[in-house]
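# Coordinate inspection notes
Here's the letter readout for the chains.
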Amino acid sequence: MHRIPEHLREIADAVVAAAAGDSRMSAVIAGGSIATGTSDEYSDLDLVLVCTADGQQECLAEAPEFAGRLGPLLASFTGEHVGEPRLLIALFGPPLVHVDLKFVTADDLRDRVEDGVVLWQRDGTVDRAYSTSQPRWPQVDPQWIEDRFWVWVHYTAVKIARGELFEAVEALDAIRSAAIAPLATLGRTSKPTRVRRLETLAPELVPEFRATVAIADRDDCLRALNASAELYRKVRDSSGVTVERRTAAEQAVADFLAG
């Protein structure tokens, strides 16, 4: 437990105690910033609860009740919005603590993005899974980005022209997160997470990234969109990765913006 920040230890202890007392559970693993050794006083608690194959569905169905036994539960909901129905996202407090509880089986551990910190395990469950497989963190695919970037820019430009400015602001955020930031941090981290920790990973680009942020104003959105296109070209061309450039799309969209 020594790697868990002080403000998370009480709830982490409660999870371990509850899991150890449930025969359907065989391990508790801490992921996220605790796994990477970057946790601080602002960190959430990301926990993986390993269940038996026969007991997982019951554990999932009872997840809100499980969370309610851990401490003062203020709110909770499942993670379908991020494509993860095995996840329960919970807020405890006061003091406020955000906790993610993901209910998986031992077999699920073989398809993982990281080796988390084992807080408790029964009969070497996690050790066996870790010994027979390797974690694979999703990596940046520059070609995937190039194939989509200019389509996204045109889409955003049309939204601005139509006056759908809040939609345009959202699209600008998506372009920054899904395209520009991943290329900007390429080679600077083994675990890319879009715009997270961008200020630390690419501090020299912060002023240019700041220029890609817009308010819901037509002229400001256009300014930010042009800044986004300019910054994308810069990080693409300096990434050191060869991609098949969508030159025709790039030129046509540039002309559209200029017109």
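Refer to the structure printed above.
Please read all numbers here as calculations on a predicted model, not as lab measurements.

Turning next to the overall build of the protein. Within the protein one finds eleven helices and six strands. Looking at the 259 residues of the protein, the share that counts as buried comes to 42%. For the protein, the share of sequence-separated contacts (at least 6 apart) that also reach a separation of at least 24 residues comes to 61%. Carbon and sulfur atoms provide 53% of the accessible area of the protein, an area that totals close to 13700 Å².

So, about the layout of surface pockets. What the largest pocket holds in volume is close to 1800 Å³. Contributing to the lining of the largest pocket are 48 residues, with G32, V113, E114, W137 and T193 lying nearest its centre. At the level of elements, strand 1 (25–30), helix 2 (32–36), strand 2 (45–51), strand 4 (84–92), strand 5 (97–105), helix 6 (142–162) and helix 7 (165–184) are the ones that each hand at least two residues to the lining of the largest pocket. Residue classes in the lining of the largest pocket are distributed as 21 nonpolar, eleven polar and 16 charged. Quantified by volume, the second largest pocket comes out at close to 270 Å³. For the second largest pocket, the lining is made up of 16 residues, of which H7, E10, I11, P95 and V97 are closest to its centre.

Next up on the list: the side chain of E250. Tracing the backbone through its elements, the reader meets E250 in helix 11 (residues 247–258). Setting aside residues no more than four positions away along its own chain, E250 makes contact with W150, R233 and R236.

Taken in spatial order, the six strands of this open sheet run 3-4-5-2-1-6, and their pairing is mixed. The strands lining the two open edges of the sheet, one partner per strand, are strand 3 (73–79) and strand 6 (117–121). If you compare each strand with its neighbour and ignore which way they point, the axes differ by 20° on average. Where strand 1 and strand 6 come together, four bridges link them in antiparallel fashion. Bridging across to strand 6, A27 finds its partner in Q121.

Let us now look at the pairing of strand 2. Across the seven residues of strand 2, five count as buried, placing the element largely inside the fold. Judged from the five bridges that link them, strand 1 and strand 2 form a sheet pairing that is antiparallel. Across the sheet, residue A27 finds its bridge partner in strand 2, namely V50.

Criteria and cut-off values
- Residues numbered from 1 in each chain as written.
- Predicted model: local features only at pLDDT ≥ 70, side-chain atom pairs only at ≥ 80, totals over all residues.
- Heavy atoms only, no water.
- Helix = DSSP H or I, 4+ residues; strand = E, 2+ residues; numbered from the N terminus.
- Buried < 20%, exposed > 50% of the residue type's maximum accessible area, 1.4 Å probe, protein only.
- Contact = heavy atoms within 4.5 Å.
- Areas by Shrake-Rupley, 256 points an atom, 1.4 Å probe, with all protein chains shown as cover.
- 1 Å grid on protein atoms, 1.4 Å probe; cavity = no way out; pocket = protein on both sides within 12 Å on 5 of 7 lines; lining within 4 Å.
- Points joined across faces, edges and corners; volume = space filled by probe spheres on them.
- Nonpolar A, V, L, I, M, F, W, Y, C, P; charged D, E, K, R; others polar.
- Pairing = 2+ DSSP bridges.
- Axes fitted to C-alpha atoms, helices over the stretch in contact; angles between N-to-C directions.

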